[in-house]
Amino acid sequence: MGYDAKFRIWRGDTDAGGLEDYTVVVNEGEVVLDIIHRLQATQAPDLAVRWNCKAGKCGSCSAEVNGRPKLLCMTRMSTFTEDEVVTVTPMRTFPVIRDLVTDVSFNYAKAREIQSFTPPEGLGPGEYRMKQVDVQRSQEFRKCIECFLCQDTCHVVRDHEENKQNFAGPRFLMRVAELDMHPLDVAERRDTARTEHGLGLCNITKCCTDVCPEQIKITDNALIPMKERVADRHYDPLVWLGNKLFRR
Ligand code: SF4
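Let me begin by describing the structure that accompanies this report. Computed from a prediction, not measured in an experiment: that's the story for all the values here.

## Remarks on the overall build of the protein
A count of helical and extended segments in the protein gives 10 helices and 7 strands. Taking the principal axes of the C-alpha coordinates as reference, the protein spans close to 70 × 40 × 30 Å. The long-range fraction of contacts in the protein, counting pairs at least 24 apart against all pairs at least 6 apart in sequence, stands at 63%. A total of about 13,200 Å² of accessible surface is found on the protein, and carbon and sulfur atoms cover 51% of it. Here the protein contributes 34 positively and 37 negatively charged side chains, and the mean placements of these two sets differ by 5 Å.

## Some thoughts on the pattern of salt bridges
Within this structure, the stated rule accounts for 20 salt bridges. Its salt-bridge partner being Arg11, residue Asp99 comes within 3.1 Å of it at the nearest N-O pair. On the criterion of sequence distance, the pair formed by Asp99 in the loop between strand S6 (96-98) and strand S7 (101-102) and Arg11 in strand S1 (residues 3-12) is long-range, its members being 88 residues apart. Comparing Asp99 with Arg11 shows no difference in burial state: the two are buried. What emerges from the salt-bridge pattern is a single network uniting Arg11, Asp46, Arg98 and Asp99.

## What to know about the pairing of strand S5 (residues 85-89)
Counted residue by residue, S5 has 4 buried out of 5 residues, so it is predominantly covered. With 4 bridges joining them, S1 and S5 adopt parallel strand pairing. Paired with Ile9 across the bridge in S5 is Val88. As paired strands, strand S3 (residues 62-65) and S5 are joined by 2 bridges and run antiparallel to one another. Its bridge partner lying in S5, Val65 is registered against Val88.

## What to know about the environment of Gln40
As for its position among the elements, Gln40 is in helix H1 (residues 32-42). The exposure class assigned to Gln40 is partly exposed, which follows from its relative accessible area of 24%. Considered as a pair, Gln40 and Gln115 are 75 residues apart in the sequence and their alpha carbons are 42 Å apart. Other than its neighbours up to four places away in sequence, Gln40 contacts Pro45, Leu47 and Val49.

## Remarks on the sheet that holds S3
Pairing is mixed in the open sheet, where 5 strands are placed in the order S2-S1-S5-S3-S4. Only two strands of the sheet have a single neighbouring strand rather than two, namely strand S2 (17-26) and strand S4 (68-71). Sheet twist, expressed as the average angle between the axes of neighbouring strands with direction ignored, equals 35°. Across the face of the sheet, H1 comes into contact with S1, S2 and S5 while running at roughly 100° to S2.

## Digging into the packing of helix H3 (residues 132-141) against helix H6 (residues 170-181)
Between H3 and H6, whose axes approach to 10 Å, the crossing angle comes to 170°. In terms of orientation, H3 lies roughly antiparallel with respect to H6. Listed contacts from H6 to Arg137, Ser138 and Phe141 of H3 are Met174, Glu178 and Met181. Residues that form the contact of H3 with H6 fall into these classes: 3 nonpolar, 1 polar and 2 charged.

Parameters at a glance
Residues take numbers from 1 onward in each chain, read along the sequence in its written order. Confidence filtering applies because this is a predicted model: local features only for residues at pLDDT of at least 70, side-chain atom pairs given and counted only at 80 or more, and all residues used for totals across whole chains, interfaces and linings. Values shown for side chains rest on all heavy atoms present in the structure; no hydrogens or waters enter the calculation. Helix and strand labels come from DSSP, where a helix needs a run of H or I of at least four residues and a strand needs a run of E of at least two; each type is numbered from the N terminus. What makes two residues a contact is simply this: any of their non-hydrogen atoms within 4.5 Å. The Shrake-Rupley method, run with a 1.4 Å probe, gives the accessible areas here. Residue values count only the displayed protein chains as cover. Charge convention: Lys and Arg are scored as positive, Asp and Glu as negative, and His as well as the terminal groups of each chain are ignored. By convention, the point assigned to a charge is CZ for Arg, NZ for Lys, CD for Glu and CG for Asp. Note on definitions: salt bridges are taken to be side-chain nitrogens of Lys or Arg within 4 Å of carboxyl oxygens of Asp or Glu. Remark: exposure states derive from per-residue accessible area (1.4 Å probe, protein chains only) relative to the maximum for the residue type, with buried under 20%, exposed over 50%, and partly exposed in between. Two strands qualify as a pair provided that DSSP identifies no fewer than 2 bridges between them. Convention adopted: a line fitted to C-alpha atoms gives each axis, helices being fitted over their contacting stretch, and angles between N-to-C directions are expressed from 0 to 180 degrees. Each angle gets one of four labels, with under 35 degrees taken as roughly parallel, over 145 as roughly antiparallel, 65 to 115 as roughly perpendicular, and the rest as oblique. Think of it as three bins: nonpolar holds Ala, Val, Leu, Ile, Met, Phe, Trp, Tyr, Cys and Pro, charged holds Asp, Glu, Lys and Arg, and polar takes everything else, Gly as well.

Okay, here's the thing in structure tokens:
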């Protein structure tokens, strides 16, 4: 049985904007993105929203629903009561382009700052061998769909524009950790995690883990282990000596 739901959607652009009220029909089994599409089809044809797969795998339809970072395609209408007003706003951490669409180029700039996978010199085809346990460790991080919800919720940049230059954010600190854990990667990452990617600014509140639609344990399995590796390098005298002698 369908019902009329009350929606409040942020409309605007880089110059100005505000919340606008709509009443939209909701049918059984629908998600918030269905309602946005119905709004476009019936009342607001110029409403801008970014989306693609509608299956929780492309990471495009990231926004905030009732103030929580969410994928619009994975947020079921059944999680709200029929008399609840559902508020949909663009991701707050990134500049608005129009309506629900934000400019997420900050993330691509951060991705480019990370040195790519660097194998030892002279390793030939067929010699890239690693243990299954090492394969499995990075498998979790590889589930990332780059929705940037973790970047959006991270308070280091959400309320502090001034930190953006010096902080890669959870998604990209996780990438640094993944590469540092890779047994065939020889790049120096522990110093740069601290000096270039701002690992020290993360105070492990786990907000990123809470919003990840892939349930990646970003804090426990990437950020905390990376902090431990950095601390070992700098503060454990035996590791420090070993690093001086053997460098990894
Ligand atoms: Fe999205 Fe999770 Fe990847 Fe962050 S780690 S970008 S929340 S899938």
